[in-house]
Amino acid sequence: RAIALNVAPRITGRSAKIISADILDRDQWTVAEDYEFERPLYRFGLDDDRHTQVYVSGSSGDVVLFTTRAERFWNWFGAVPHWLYFTQLRSNGLLWSKIIIWTSIAGGFLTLIGLYIGISQLRRGPRISPYRGWNYWHHLAGLVFGVLTLTWVVSGTISMNPWGFLEGGGGNERAAVGGDPLPWSAWRDSLARLKDDAALAGAVSITSAPENGRLFWLARWANGRVVRLDDGGRVAPVAPAELSRKAQLVANGRAIASQGLMTAEDSYYYRTPGSDRLTLPVYRVVLADAARTRYYFDPRDGLPIGRIDADRRGYRWLFDGLHRLDFFAWLRWRPLWDALMLLLLVGGIAVTGSGSYLAVRRIGRDMRSVAASLRARKSSAAASLRPAPPP
């Protein structure tokens, strides 16, 4: 309760009271594996106008999430149906993953069949479609937006990395940079020296960042400032020579084609629409291996923050490119990206909406036909059981 009350002014903009409190393992907004080591979770409802709910980890005491009523409402129309993110289903990660993969594969197959039929039914002349009514508009919408619908469905399948497709490798870069584990005495003595360090006044977190047998700390402030300290609490900025040594560590004997500080985005390290979190400048290392592997290091702390190999490069174009239309830097410019996405989404709604309406109408017609056939059969059977009229 004290943690929730302490963080409330930074979330709501004013002090707030707790009007509800409960403990839970998971709910609709904390069902993902990201919170697995934070459970159980304490959920506190605040009395602000946005009906904010704050989640505090029962294992670490961290504030792991907060939601507002508007966010919860719109997520029921967006993220939840889009990813089939229903609590009971999402609680079983393996089952949820299989359902997403197979339904998206089925969706891609059906879209491909629809495109084939739509193209095969094209006619020459002023009226290119042989259909009438809703079938006509579905045919036209499918011809215009069908390929886009297909790429969205297929790229959505790719986002799940089915059967290890485009998963990429690596992941041990931080361990390679960190080196062998340090003895507990080194941590204990360093913490004792940091405890009363006036330079850390106002810091909101201190994280360990060992490097090749030496202990460093990363101090962060609420305004985003990050300072690296050595084991004695002295400021220890990362030197270019140190970044070069880190590049050699992650290269692990492979030749380095190029390395250096990058001050602008490239094709694989960039800010996506809707996100402002991107560290620039960044130190980029490109290896001379077959995959042209790239590593990106944060020059403030010297830690690796990204890795791009052949699989991740393919994922970048097949998912980010096809699913988000993220092919060129100018396409990420707002509000051009928003306008283009809204236009294409309206087209997608026209295809899927008209198709769904036609399917429901066809099912209704078939059900009425079956019902009429059953009634006729029942009447015929009843007539056969009537006694014959007297001669």
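Preceding this section is the structure that the text describes.
Keep in mind that this is a model prediction, so the values were computed, not measured.

Peer 1: Would you mind going over the overall build of the protein with me for this structure?
Peer 2: Along the backbone of the protein there are eleven helices and eleven strands. Here the C-alpha radius of gyration of the protein, 30 Å, is well above what a compact globule of 391 residues would show, namely 21 Å. For the protein, buried positions account for 35% of its 391 residues. Here the contacts in the protein between residues at least 6 apart in sequence split such that 47% fall between residues at least 24 apart. Surface summary for the protein: the accessible area is close to 23,800 Å², and the carbon and sulfur share equals 61%. Between the mean site of the 49 positive side-chain charges and the mean site of the 34 negative ones, the protein shows a separation of 12 Å.

Peer 1: I tried to follow unusual backbone geometry on my own but got confused; where do I start?
Peer 2: Both trends apply: most residues other than glycine have a negative phi, and most peptide bonds are in trans. In this structure, Pro-281 follows Leu-280 across a cis peptide bond, with omega equal to 0 degrees. By the element assignment, Pro-281 lies in the loop between β8 (256-262) and β9 (282-287). Here the bond from Arg-334 into Pro-335 is cis, since omega is 10 degrees, no more than 30 degrees from zero. Positionally, Pro-335 belongs in the loop between α10 (310-324) and α11 (336-384). The phi angle at Asn-161 is positive, at roughly 45 degrees, despite the residue not being glycine. Within the fold, Asn-161 resides in the loop between α6 (133-158) and α7 (173-178). Looking at Asn-161, the relative accessible area reads 15%, which means it is buried.

Peer 1: Could you clarify how one ought to interpret the sheet that holds strand β5 (residues 205-208) in this entry?
Peer 2: Strand pairing in a sheet takes place through backbone hydrogen bonds and is either antiparallel or parallel in direction. Read across the sheet, three strands follow the order β5-β6-β7 without closing on themselves; strand pairing throughout is antiparallel. Every other strand in the sheet has two partners, leaving β5 and β7 (226-230) as the edge strands with one partner each. If you compare each strand with its neighbour and ignore which way they point, the axes differ by 25 degrees on average.

Peer 1: Just checking my understanding: could you explain the nonpolar core for this structure?
Peer 2: A general trend in soluble globular proteins is that nonpolar side chains are found buried together. Counting residues in hydrophobic clusters, the biggest one holds eleven residues: Val-177, Val-238, Leu-243, Ala-247, Val-250, Ala-251, Tyr-283, Val-285, Leu-287, Tyr-295 and Phe-297. Looking at this core, the elements that each hand over two or more residues are α9 (240-251), β9 and β10 (294-297). If we skip the residues at most four places from it in the chain, Leu-287 touches Ala-251, Arg-254, Ala-255, Ile-256, Ala-257, Arg-292, Thr-293 and Tyr-295. With ten residues, the next largest nonpolar core counts Ala-4, Ile-18, Leu-46 and Val-54 among its residues.

Peer 1: Please explain the pattern of salt bridges as it appears in this structure.
Peer 2: Side-chain pairs of opposite charge can arise where the charged atoms are in close proximity. Applying the stated criterion across every chain yields a total of 25 salt bridges. Taking the shortest distance from any N to any O, the salt bridge between Arg-334 and Asp-338 comes out at 2.5 Å. Residue class for Arg-334 comes out partly exposed when judged on its relative accessible area of 37%. The exposure class of Asp-338 is partly exposed, given its relative accessible area of 24%. A single salt-bridge network, built from bridges that share partners, covers Glu-265, Arg-271, Arg-316, Asp-326 and Arg-332.

Peer 1: Sorry, what's going on with the sheet that holds β9 here?
Peer 2: Ordered by their spatial adjacency, four strands build an open sheet running β8-β9-β10-β11, and the pairing between neighbours is antiparallel. Two strands close off the open sheet at either side, each with one partner strand: β8 and β11 (304-308). For this sheet, the mean angle separating the axes of adjacent strands, direction not counted, is 15 degrees. Taken together, the four bridges between β10 and β11 define a ladder with antiparallel strand orientation. By the bridge assignment, Tyr-296 is partnered in β11 with Gly-306.

Peer 1: Explanation requested: the side chain of Asn-161 in the structure shown.
Peer 2: At 2.8 Å, the side chain of Asn-161 and the backbone oxygen of Phe-165 are in polar contact. Once you skip the residues sitting within four places of it in the chain, Asn-161 turns out to touch Leu-166, Glu-167, Arg-312 and Tyr-315.

Peer 1: Explain the pairing of β10 to me, please; I cannot follow it from the model alone.
Peer 2: Each regular strand displays side chains that alternate between the two surfaces of the sheet. Of the two faces of β10, the one lined by Arg-294 and Tyr-296 and the one lined by Tyr-295 and Phe-297 are each fully buried. One ladder, built from four bridges, connects β9 with β10; its direction is antiparallel. Each bridged residue has a counterpart across the sheet, and for Tyr-283 the counterpart in β10 is Phe-297. What sits between β9 and β10 in their antiparallel hairpin is a turn of six residues, with Arg-292 showing a positive phi close to 50 degrees. Connecting the antiparallel pair β10 and β11 is a turn made up of six residues, with Gly-302 showing a positive phi of about 80 degrees.

Peer 1: I'm lost on the packing of α6 against α11 in this one. Help?
Peer 2: What describes two packed helices is the angle between their axes and the distance between those same axes. In contact at an axis separation of 8 Å, α6 and α11 are set at 125 degrees when each is read in the N-to-C sense. One way to sum up the angle between α6 and α11 is to call them oblique. Of the two elements, α6 crosses α11, and the hand of that crossing is left-handed. Across the interface between the two elements, Trp-134, Asn-135, His-138, Ala-141, Gly-142, Phe-145, Leu-148, Thr-149 and Trp-152 of α6 pack against Met-341, Leu-343, Leu-344, Leu-345, Gly-347, Ala-350, Val-351, Ser-354, Gly-355, Tyr-357, Leu-358 and Arg-361 of α11.

Definitions and limits used
- Residue positions within a chain follow its written sequence, with the count starting from 1.
- With pLDDT at 70 or above as the cut-off, local features in this predicted model cover only qualifying residues; side-chain atom pairs require 80 or more to be listed or tallied, and sums for whole chains, interfaces and linings still use all residues.
- Computation of side-chain values covers all heavy atoms of the structure but excludes hydrogens and water.
- Numbering goes from the N terminus for both helices and strands, where a helix is a DSSP run of H or I of at least four residues and a strand is a run of E of at least two.
- Atoms counted for the radius of gyration: C-alpha only. Globule rule: 2.2 Å times the number of residues to the power 0.38.
- Exposed residues in this analysis have more than 50% of their type's maximum accessible area, buried residues have under 20%, and partly exposed residues fall in between, with area computed by a 1.4 Å probe over protein chains only.
- Contact between two residues is taken to exist if any of their heavy atoms lie within 4.5 Å; hydrogens are not considered.
- Computed by Shrake-Rupley with a 1.4 Å probe, the accessible areas treat only the displayed protein chains as cover when residues are assessed.
- Within this scheme the basic residues Lys and Arg register as positive and the acidic residues Asp and Glu register as negative, but His and the chain ends are omitted.
- We put the charge of a Lys on NZ, of an Arg on CZ, of an Asp on CG and of a Glu on CD.
- Two strands pair under a simple rule: DSSP has to find at least two bridges between them.
- Only the stretch in contact is used when fitting a helix axis, every axis being a line fitted to C-alpha atoms; angles between N-to-C directions are given from 0 to 180 degrees.
- The definition of a nonpolar core used throughout is a set of buried Ala, Val, Leu, Ile, Met, Phe, Trp, Tyr and Cys residues joined through side-chain atoms within 4.5 Å.
- Whenever Lys or Arg places a side-chain nitrogen within 4 Å of a carboxyl oxygen from Asp or Glu, that contact is recorded as a salt bridge.
- Pairs of N or O atoms within 3.5 Å make up the polar contacts considered here, provided that, within protein, one atom can donate a hydrogen while the other can accept it, and that residues adjacent in sequence are counted only when both atoms are side-chain atoms.
- Relative orientations are named as follows: roughly parallel for angles under 35 degrees, roughly antiparallel for angles over 145 degrees, roughly perpendicular for angles from 65 to 115 degrees, and oblique for any other angle.
- The hand of a helix crossing depends on one turn: near helix anticlockwise from the far one by less than a right angle means left-handed, and clockwise means right-handed.

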